[in-house]
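Below are the chains, spelled out letter by letter.
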Amino acid sequence: MLDIVIEARIANISEAMKVKRILPFRLRRMVGPFIFLDHAGPVAEVPKTWSSLDVKPHPHIGLSTVSYLFNGQVTHRDSLGVEQVIRPGEVNWMTAGSGIAHSERFENPAALAGGALEMIQTWVALPEKDEESAPSFANYKPEQLPVFTDTGVWMRLIAGNAYGLASKVNTHSPLFYLHVELEQGARFGLPPEHEERGIYIAKGVLEINGVSYREGQMLVFTKGADPLIRALTSSTLMMMGGEPLGERFIWWNFVSSRKERIEQAKEDWKQGRILLPPTDNEEFIPLPDDNSRPAGSAPRPEPLS
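Residues numbered from 1 in each chain as written. Predicted model: local features only at pLDDT ≥ 70, side-chain atom pairs only at ≥ 80, totals over all residues. Heavy atoms only, no water.

Notes on the nonpolar core
Among the nonpolar cores identified, the biggest contains 28 residues, and Tyr177, Met218 and Met238 are the most heavily contacted of them. At three residues, the largest contribution of residues to this core is made by strand 6 (residues 63-71). With 24 residues, the next largest nonpolar core counts Met155, Phe176, Ala186 and Ile229 among its residues. (Core = buried A, V, L, I, M, F, W, Y, C linked by side-chain atoms within 4.5 Å. Buried < 20%, exposed > 50% of the residue type's maximum accessible area, 1.4 Å probe, protein only. Helix = DSSP H or I, 4+ residues; strand = E, 2+ residues; numbered from the N terminus.)

As structure tokens, this is what we get:
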């Protein structure tokens, strides 16, 4: 019933920001089109220099980045000239396509007070036909996203379709992405219409077939599995999946179906052919040293998208 249980690893994405990294994982690179998942926060201690949390401008190709906040706020700036503050319950969906650079800035100290900052970042790989599409950005407000409630269960559909709901968020392939809140004792099942399905436990404890699973774990289910899932405590989940896209290569912030395209993206970033955000162009994250890892080791993308 369970294909794999992925344990979160700790990664640094800026001078002062650490995250729980779930995807990619060496034994499971993707769940449907989802190829990257980070859980940032909750920030328990605000650093003396709160700008040290910032993620400087960095590039992407071949994917869409999806930002979703539980608490706090973040300012997004990108090569298109977009400047967007994202708040809890909103969705920032940026499609990198042929290439884009963006930053994530934590510019409101009040939003960091009391350990309030907490966010989820995912990357959704693009189908081959869309990998070189023009970059784009959209922000969706909570009232634009469908919500389902049942006894002890609250769900917001961020993107795709599940449980009879359909989101208006523009996507490029069949998928689902949900924020789920469960009361203790609540029971529910997986959406049956998708081939690959996973649950990330952001908070709480779940029970499946008499086995308990805890915060920081991602449960990936076998095709066709129909488990009864019970919340042993009040729980917060991110559920995601969809139809597989085929093999994808990932290096740093670049995703592609072709290795040579990633090599081109490296050179494009070195030579300044991927433009910086026009209102955030005084600094950037340089290309990592290609020789900094042992030969043959799997690359580990670092910046928060």
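Alright, that's what it looks like, and here's the rest.
With respect to the pairing of strand 19 (residues 205-208)
Side chains Leu206 and Ile208 project from strand 19 onto a buried face, and the interleaved Val205 and Glu207 project onto a face without burial. By the bridge criterion, four bridges tie strand 19 to strand 20 (residues 211-214) in an arrangement that is antiparallel. Directly across from Ile208, in strand 20, lies its bridge partner Val211. Linking two consecutive strands that pair antiparallel, namely strand 19 and strand 20, is a turn of two residues; a positive phi of about 55 degrees is found at Asn209 within it. Pairing geometry for strand 19 and strand 22 (residues 229-231), over three bridges, is antiparallel. Each residue of the ladder has a partner; that of Leu206, found in strand 22, is Ala231. (Pairing = 2+ DSSP bridges.)

Digging into the packing of aromatic side chains
The final tally for this structure, using the stated rule, is seven aromatic pairs. Here the aromatic rings of Trp251 and Trp252 are separated by 6.3 Å at their centres, their planes lie at 70 degrees, and the arrangement is edge-to-face. Neither Trp251 nor Trp252 differs from the other in exposure class; each is buried. Between Trp269 and Phe284 the ring centres are 5.8 Å apart and the planes differ by 85 degrees, which places this aromatic pair in the edge-to-face class. Of this pair, Trp269 sits in helix 2 (residues 259-270) while Phe284 sits in the segment after helix 2; the two residues are 15 residues apart in sequence, bridging distant segments of the chain. Its relative accessible area of 43% is what places Phe284 among the partly exposed residues. Three or more aromatic residues joined by ring pairs make a cluster, and in this case those are Trp251, Trp252 and Phe254. (Phe/Tyr/Trp six-rings, centres within 6.5 Å; stacked < 30°, edge-to-face > 60°.)

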